[in-house]
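Residues per chain, in single letters:
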Amino acid sequence: MKNIAVIGSGTMGNGIAHVFALKGYKVSLVDISRQALDKAIQTIGTNLDRQVSKEQITAIDKEQALSNISTHTNMKEGAQQADLVVEAATERIDLKLEVFKQLDQFCKPESILASNTSSISITKIASVTNRPEKVIGMHFMNPVPVMKLVEVIRGYATSDATASVVMDLSRKLDKVPTEVNDYPGFVANRILMPMINEAIYSLYEGVAGVEEIDTVMKLGMAHPMGPLQLADFIGLDVCLSILQVLYQGFGNPKYAPCPLLVNMVQAGHTGAKNGVGFYVWQKGSKELIVAPRFAK
C-alpha cells in the first residue's frame, strides 16, 4: 500500500488525506470542484500548523505531508493507480453506488475499495462492483487527525485478506481499528444516533432546554460534549440521514427521527456547517450560544 486515493475533499475527506499524507503515503485527493480542493488543502495546512504548534510534528513533517498530496477533478486520473481508494463523498446511497461503479472500472483489479460511510450498507455498495471481496467500510471519526477509532466494516462478501490489510493499514496510521459486521448503523451510529434522537425528543417534548440536556450528559455521564452540541457538530442533515437508514433497515419505530429534527433540516438549520442548529455557531468563536428559537 503506497498510493491512496480519497474521493471527496470535505471535512472527512481532507482529514483522511491529512493522516495518510502525514504517514508518508502518496495521496490523490479527488473532488468535482477545484474550489473545494483548494479549500481542502488550505484546511489541511491549517491543521498541520496546529500540530506543529503543539510540537506533535515538525515543520519539515508538515511540508512533506503537503507535498505527498496531489489534487484532481477527474476521478479516473486520481484513482487509477491507487492501491486503496477511500470514498468520502456525501452520505447519499445513489451517489456512492455511482462512485463505486466507476471506481470498479477505473482501478486496478487488485485495488481495495473502501467507503467512509457512517451507515450505508457495505454489502449494497459492493454489489455494484465486480470485486465485492475487495470492498470494505473504513469509517473514520471526526475530526480524523485527532480521533483514534476506525470502524472497519465487513460486507457480506468482504474477504479475510481485505479485512486484514485494512486493519493493519489503520494501525500504521496510529489508529485503533475495530472490526464490525454490516448491519444498519454498524456499531457507532446504531448506539449514538438513538441517544441523539432521544435528546432531541427531550427538547421537543419540553422535558428540558438545550443547555440543560447537554449539561446533564456532560457532567452526569462524562461526555466531552452534550448530544445536541454533538448533533450540530456532525450535521443535523447527516443525523437525519443515518436515523432514516436505521429506521428503514430495522423497521423498528424506536429509530424514527424526531419531528423536530426533520423540521430543522427542512428549514436548512443543519448545525455548525451552516451557522445555526441547536446553537448559533459564530466563525472564530468557541462560545456556545443557544439558538434564538430554543432560548428561554
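Residues numbered from 1 in each chain as written. Predicted model: local features only at pLDDT ≥ 70, side-chain atom pairs only at ≥ 80, totals over all residues. Heavy atoms only, no water.

Along the chain, the position of Gln 51 falls in helix H2 (residues 34-53). With residues up to four places along the chain from it excluded, the contact list for Gln 51 reads His 18, Leu 22, Gln 56 and Ile 57. (Helix = DSSP H or I, 4+ residues; strand = E, 2+ residues; numbered from the N terminus. Contact = heavy atoms within 4.5 Å.)

This next bit is on the sheet that holds strand S3 (residues 69-72). The mixed open sheet is built from eight strands, whose spatial order is S3-S2-S1-S4-S5-S6-S7-S8. The strands lining the two open edges of the sheet, one partner per strand, are S3 and strand S8 (176-181). Across this sheet, the average inter-strand angle for adjacent strands is 25 degrees, counted without regard to direction. Relative to S3, strand S2 (residues 26-30) runs parallel, the two being bridged by four bridges. Following the sheet pairing, Leu 29 is matched in S3 by Thr 71. (Pairing = 2+ DSSP bridges. Axes fitted to C-alpha atoms, helices over the stretch in contact; angles between N-to-C directions.)

This next bit is on the packing of helix H9 (residues 210-221) against helix H10 (residues 227-234). Packing of H9 against H10 brings their axes to within 7 Å, and their N-to-C directions diverge by 100 degrees. Here H10 runs roughly perpendicular to H9, going by the angle between their axes. Across from Val 210, Ile 213, Asp 214, Met 217 and Lys 218 in H9, the residues of H10 making contact are Pro 227, Leu 228 and Gln 229. Partitioning the contact of H9 with H10 into residue classes produces five nonpolar, one polar and two charged. (Parallel < 35°, antiparallel > 145°, perpendicular 65-115°, else oblique. Nonpolar A, V, L, I, M, F, W, Y, C, P; charged D, E, K, R; others polar.)

The subject of this paragraph is the packing of aromatic side chains. Inspection of every chain in the model, using the stated rule, returns five aromatic pairs. For the ring pair Phe 20 and Tyr 25, a centre distance of 5.6 Å and an interplane angle of 85 degrees mean the geometry is edge-to-face. (Phe/Tyr/Trp six-rings, centres within 6.5 Å; stacked < 30°, edge-to-face > 60°.)

Turning to the nonpolar core, a few remarks are in order. In this structure, Ile 16, Phe 20, Val 27, Leu 84, Met 138 and Phe 140 are the most contacted members of the largest nonpolar core, which totals 34 residues. The element best represented in this core is helix H1 (residues 11-22), accounting for six residues. Setting aside its immediate chain neighbours within four residues, Leu 84 contacts Met 1, Asn 3, Ile 4, Ala 5, Phe 20, Ile 112, Ala 114, Met 138 and Leu 169. (Core = buried A, V, L, I, M, F, W, Y, C linked by side-chain atoms within 4.5 Å. Buried < 20%, exposed > 50% of the residue type's maximum accessible area, 1.4 Å probe, protein only.)

It is common to give the size of an interface as the accessible area that goes away when the parts come together. Under the domain assignment, the protein chain is made up of domain 1 (3-181) and domain 2 (187-294). Summarising the inter-unit geometry, the C-alpha centres of domain 1 and domain 2 are found 26 Å apart. Each side of the interface is counted separately: domain 1 has eight residues, and domain 2 has seven residues. Of the roughly 630 Å² buried at the junction of domain 1 and domain 2 (both faces included), carbon and sulfur atoms supply 58%. Its largest share of buried area at the contact with domain 2, domain 1 owes to Ser 118, Ser 119 and Glu 151, together 50% of the area lost on that side. Inspection of the region where domain 1 meets domain 2 yields zero salt bridges. Where domain 1 packs against domain 2, one counts three residue pairs in polar contact (both at pLDDT 80 or more). Considered class by class, the residues forming the side of domain 1 that touches domain 2 number two nonpolar, four polar and two charged. (Domains from an automatic or database assignment. Buried area = accessible area lost by both parts, 1.4 Å probe. Salt bridge = Lys/Arg side-chain N within 4 Å of Asp/Glu carboxyl O. Polar contact = N/O pair within 3.5 Å; in protein donor to acceptor, adjacent residues only side chain to side chain.)

Within the secondary structure layout, His 72 lies in strand S3. Ignoring any residue separated from it by four or fewer positions in sequence, one finds His 72 in contact with Ser 28, Leu 29, Val 30, Asp 31, Arg 34, Leu 37, Glu 77 and Gly 78.

Before going further, it helps to examine the pairing of strand S5 (residues 112-115). Across the two faces of S5 the burial is the same, with Ile 112 and Ala 114 and Leu 113 and Ser 115 all buried. Inspection of the sheet shows strand S4 (residues 84-87) paired to S5 by four bridges, in the parallel sense. In the sheet register, Glu 87 faces S5, and the bridge partner there is Ser 115. The β-α-β motif built from S4, the intervening helix H5 (residues 93-106) and the parallel element S5 has right-handed crossover chirality. Alignment of S5 against strand S6 (residues 135-140), held across three bridges, turns out to be parallel. When the bridges of S6 are listed, Ser 115 appears paired with Gly 137. (Right-handed = clockwise from strand over helix to strand, strands pointing away.)

Applying the stated criterion to the full structure yields twelve salt bridges. In this structure, the salt-bridge partner of Asp 83 is Lys 108, at a minimum N-O distance of 2.7 Å. Pair noted here: Asp 83 is in the loop between helix H4 (75-79) and S4 and Lys 108 is in the loop between H5 and S5, with a separation of 25 residues, a long-range link. Here Lys 96 ties to Glu 91 by a salt bridge, and the two come within 3.5 Å at their closest N and O atoms. Salt bridges here are not isolated pairs; linked through shared partners, they connect Asp 49, Lys 62 and Glu 63.

In the numbering adopted here, UniProt assigns the feature "domain: 3-hydroxyacyl-CoA dehydrogenase C-terminal" (unreviewed entry) to residues 185-281. Taken end to end, residues 185-281 is 62% helix and 2% strand, and its first and last C-alpha atoms sit 27 Å apart. (UniProt positions renumbered as here; feature names shortened; annotations may be inferred.)

Let's shift gears to the UniProt feature "binding site: NAD(+)" (unreviewed entry) in the protein chain. Per the UniProt entry, the sites bearing "binding site: NAD(+)" (unreviewed entry) are Gly 8, Ser 9, Gly 10, Thr 11, Met 12, Gly 13, Asp 31, Glu 91, Lys 96, Ser 118, Asn 142 and Lys 273 in this numbering. Inspection of the secondary structure assignment puts Ser 9 in the loop between strand S1 (3-7) and H1. Judged by relative accessible area, which is 4%, Ser 9 ranks as buried. Each residue touching Ser 9, except ones within four places of it in the same chain, is listed here: Asn 14, Leu 29, Val 30, Asp 31, Ala 36, Leu 37 and Ala 40. At 2.8 Å, the side chain of Ser 9 forms a polar contact with the side chain of Asp 31. Beyond its immediate stretch of four places on either side in the chain, Lys 273 contacts Gly 235, Asp 237 and Val 238. Of the polar contacts made by the side chain of Lys 273, one reaches the side chain of Asp 237; its length is 2.8 Å.

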